[in-house]
Amino acid sequence: MLEKIDHIGIAVKSIAEARKYYEQALGLTCEKEEVVESQMVKTAFFRVGEVHIELLEPTDEKSPIAAFLEKRGEGIHHIAFRTNDITRQLDQARTGGCRLIHEVPFEGAGGKQVAFLHPKSSFGVLTEFCAKGIKV
Ligand code: ZN
């Protein structure tokens, strides 16, 4: 079951630069910065009520975020839904005719299990499912 919108991912060229806007202009506090090696990204999280903003900066030119910035420029990259059962959620998406980018969840920022649906089957919105903790 999808429980809530967990976070909105925003691609930026530089977290150091973008932080000034989120901190000084919006008055938000950065909760943490973390590098996710597997995705070649640096992330920074800001909490707004129940939802987080996740800034994504590429750490390598081969990063999927580098490709996104090249093609689309800075801006909203994905929407992440929190689910209580990521495997079942992926099964449902697959059964519902959705193309998956990840058949099997992987470990994202904060040790969450995450997987992405293909934006071509989700009407242009790159969609992430995320679940707390690691399921074995
Ligand atoms: Zn995300």
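These numbers were taken from a predicted model, which means no experiment stands behind them.

Participant: Would you mind showing me how to read the environment of Ala 18 here?
Facilitator: As for its placement among the helices and strands, Ala 18 is situated in helix H1 (residues 15-25). Along the backbone, Ala 18 and Ala 44 are 26 residues apart, and their C-alpha atoms lie at a distance of 9.8 Å. Beyond its immediate chain neighbours, meaning those up to four positions away, Ala 18 contacts Val 12 and Leu 55.

Participant: Can you help me understand the pairing of strand E1 (residues 2-11) in this one?
Facilitator: Side chains on a regular strand alternate between the two faces of the sheet. Strand direction decides the pairing type here: E1 and strand E5 (residues 75-83), joined by eight bridges, are antiparallel. Following the sheet pairing, Ile 8 is matched in E5 by Ile 79. Here E1 runs beside strand E4 (residues 51-58); their pairing, made up of five bridges, is parallel. Each bridged residue has a counterpart across the sheet, and for Ile 10 the counterpart in E4 is Leu 55.

Participant: I keep staring at the environment of Phe 116 and nothing clicks. Help me out?
Facilitator: Mapped onto the fold, Phe 116 is located in strand E7 (residues 113-117). Phe 116 sits in the buried class, given a relative accessible area of 10%. Spatially, the C-alpha atom of Phe 116 lies 5.6 Å from that of Thr 127, the residues being eleven residues apart in sequence. Leave out the neighbours within four places in its chain, and Phe 116 touches His 78, Leu 100, Ile 101, His 102, Phe 106, Leu 126, Thr 127 and Glu 128.

Participant: I would appreciate a short explanation of the coordination of the zinc ion in the present structure.
Facilitator: Any two of four tetrahedral donors ideally make an angle of 109.5 degrees at the metal, while pairs among six octahedral donors ideally make 90 or 180 degrees. Summarising the metal site, the zinc ion is bound by the protein donors His 7 (NE2), Glu 54 (OE), His 78 (NE2) and Glu 128 (OE), whose distances to it range over 2.1 to 2.3 Å. Given four donor atoms and angles of 84 to 169° at the metal, the environment of the zinc ion is assigned as irregular. Donor residues for the zinc ion sit on one chain with the sequence pattern H-x46-E-x23-H-x49-E. Highlighted residues: Glu 54 in strand E4 and Glu 128 in strand E8 (residues 127-131), separated in sequence by 74 residues. Relative accessible area serves as the criterion here: at 6%, Glu 54 is assigned to the buried category. Overall, Glu 128 belongs to the buried group, its relative accessible area being 4%.

Participant: Could you clarify how one ought to interpret the pattern of salt bridges in this entry?
Facilitator: Pairing is possible between side chains that carry opposite charge, provided their charged atoms lie close to one another. Overall, the coordinates contain eleven salt bridges when judged by the stated rule. Residue Arg 19 is joined to Glu 33 by a salt bridge in which the shortest nitrogen-to-oxygen separation is 2.8 Å. Taken as a pair, Arg 19 in helix H1 and Glu 33 in strand E2 (residues 30-36) lie far apart in primary sequence, 14 residues in all. Among the residues examined, Arg 19 registers a relative accessible area of 24% and is labelled partly exposed. Looking at Glu 33, the relative accessible area reads 36%, which means it is partly exposed.

Calculation criteria
- Residues numbered from 1 in each chain as written.
- Predicted model: local features only at pLDDT ≥ 70, side-chain atom pairs only at ≥ 80, totals over all residues.
- Heavy atoms only, no water.
- Helix = DSSP H or I, 4+ residues; strand = E, 2+ residues; numbered from the N terminus.
- Contact = heavy atoms within 4.5 Å.
- Pairing = 2+ DSSP bridges.
- Buried < 20%, exposed > 50% of the residue type's maximum accessible area, 1.4 Å probe, protein only.
- Donors = N, O, S within 2.8 Å, 3.2 Å for Na, K, Ca; no water.
- Tetrahedral: all angles 85-135°; square planar, octahedral: opposite > 155°, others 65-115°.
- Salt bridge = Lys/Arg side-chain N within 4 Å of Asp/Glu carboxyl O.

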